[in-house]
Amino acid sequence: MHLRGGFDRLILPAYAAALTLAGCQSLPPSKPSSEWTPQEARGAAVFAQNCARCHSPTTTHPLHGPGLQAITKVKAMPSGAPPTGERLTAVILHGRGMMPPTPLDDPQLQDLLAYLRTL
Ligand code: HEC
């Protein structure tokens, strides 16, 4: 009884708070595709061809890699690094851990980064 009371009073609220903080609902909304600029739309095509098989753009649930919803709006990416353009560029061009490098030319990369910022 004592243990269970402690669990309910202390641990469950902390767990619920952590879930709320980490949950999808606290993430800012993605830009709807109907409002994409031409560059963002080109970036979505780059994503579909090079990234979508491993990453969901609309959730944080992992496929082969982490879901990328709101990836540029969070303080830290799954690795702990902030989602700066520089860091994203390095991860995309050079890969990371189980993620293979993706050779993109500069216009494709800029389009892709613009698209990632809509997520
Ligand atoms: C073959 C599967 C695969 C492909 C293709 C892939 N990724 Fe990944 N990605 C991963 C995995 C696995 C990780 C986790 C790497 C780690 O932290 O060890 C990851 C991590 C990431 C991260 C988080 C980096 C961090 O610092 O936490 C970003 C952002 C990312 N990928 C973006 C992309 C983009 C954009 C593309 C397309 C150009 C792409 N990925 C293509 C598998 C993939």
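Calculation criteria
- Residues numbered from 1 in each chain as written.
- Predicted model: local features only at pLDDT ≥ 70, side-chain atom pairs only at ≥ 80, totals over all residues.
- Heavy atoms only, no water.
- Donors = N, O, S within 2.8 Å, 3.2 Å for Na, K, Ca; no water.
- Tetrahedral: all angles 85-135°; square planar, octahedral: opposite > 155°, others 65-115°.
- Helix = DSSP H or I, 4+ residues; strand = E, 2+ residues; numbered from the N terminus.
- Buried < 20%, exposed > 50% of the residue type's maximum accessible area, 1.4 Å probe, protein only.
- Near = heavy atom within 4 Å.
- Polar contact = N/O pair within 3.5 Å; in protein donor to acceptor, adjacent residues only side chain to side chain.
- Phe/Tyr/Trp six-rings, centres within 6.5 Å; stacked < 30°, edge-to-face > 60°.
- Axes fitted to C-alpha atoms, helices over the stretch in contact; angles between N-to-C directions.
- Parallel < 35°, antiparallel > 145°, perpendicular 65-115°, else oblique.
- Left-handed = near helix turned anticlockwise from the far one by under 90°.
- Contact = heavy atoms within 4.5 Å.
- Salt bridge = Lys/Arg side-chain N within 4 Å of Asp/Glu carboxyl O.

J.: Just to check I follow, could you spell out the coordination of the iron atom of the ligand for this structure?
T.: Geometry sets the ideal angles at a metal, namely 109.5 degrees for four tetrahedral donors and 90 or 180 degrees for six octahedral donors. Taken together, His55 (NE2) and Met99 (SD) make up the protein donors of the iron atom of the ligand, found 1.9 to 2.1 Å from the metal. Here the iron atom of the ligand binds six donor atoms, and the angle range of 86 to 178 degrees at the metal identifies the geometry as octahedral. Residue His55 is found in the loop between α2 (38–50) and α3 (85–94), and its partner Met99 is found in the loop between α3 and α4 (106–116); the two are separated by 44 residues along the sequence. Looking at His55, the relative accessible area reads 11%, which means it is buried. The exposure class of Met99 is partly exposed, given its relative accessible area of 25%.

J.: In this structure, what is going on with the site of the ligand? I would like to understand it.
T.: Around the ligand sit 22 residues in total, of which Cys51, Cys54, His55, Ser79 and Met99 are the nearest. Ser79 is positioned with one of its side-chain polar atoms (N or O) 2.5 Å from an oxygen atom of the ligand. Looking at the shell around the ligand element by element, the count peaks at three residues for α3.

J.: Mind showing me how you'd approach the packing of aromatic side chains here?
T.: Given two aromatic rings, their pairing is described by the distance between the two centres and the angle made by the two planes. Using the criterion set out here, one finds two aromatic pairs in the structure. Considering the side-chain rings of Trp36 and Tyr115, the 5.6 Å spacing of their centres and the 85 degrees angle between planes classify their relative orientation as edge-to-face. Here Trp36 is found in the loop between α1 (2–22) and α2, whereas its partner Tyr115 is found in helix α4, with 79 residues between them in sequence. Aromatic side chains Phe47 and Tyr115 sit 5.4 Å apart centroid to centroid with 50 degrees between the ring planes, which places their arrangement in the tilted category. You can see Phe47 sitting in helix α2 and its partner Tyr115 sitting in helix α4, a full 68 residues away along the chain. Take Phe47: its relative accessible area is 2%, and that puts it in the buried class. With a relative accessible area of 6%, Tyr115 lands in the buried category. Taken together, the aromatic side chains of Trp36, Phe47 and Tyr115 make up a single cluster linked through ring pairs.

J.: Mind showing me how you'd approach the packing of α3 against α4 here?
T.: Each pair of packed helices can be described by the angle between their axes along with the distance between the axes. Contact geometry of α3 with α4 gives a least axis separation of 11 Å together with a crossing angle of 120 degrees. With respect to each other, α3 and α4 are oriented oblique. Crossing angle aside, the handedness with which α3 passes α4 is right-handed. Here α3 contributes Gly85, Leu88, Thr89, Ile92 and Leu93 to the contact with α4, which in turn contributes Leu109, Leu112, Leu113 and Leu116.

J.: Looking at this model, I keep getting lost on the pattern of salt bridges. Mind explaining?
T.: Opposite charge on two side chains makes pairing possible when the charged atoms of those side chains draw close. For the coordinates displayed, the defined rule picks out two salt bridges. A salt bridge links Lys31 to Glu40; its shortest N-O distance comes to 2.9 Å. A relative accessible area of 28% means that Lys31 is categorised as partly exposed. On the basis of relative accessibility, which here comes to 12%, the residue Glu40 falls in the buried class. For Asp111, the salt bridge goes to Arg42, with nearest N and O atoms at 2.9 Å.

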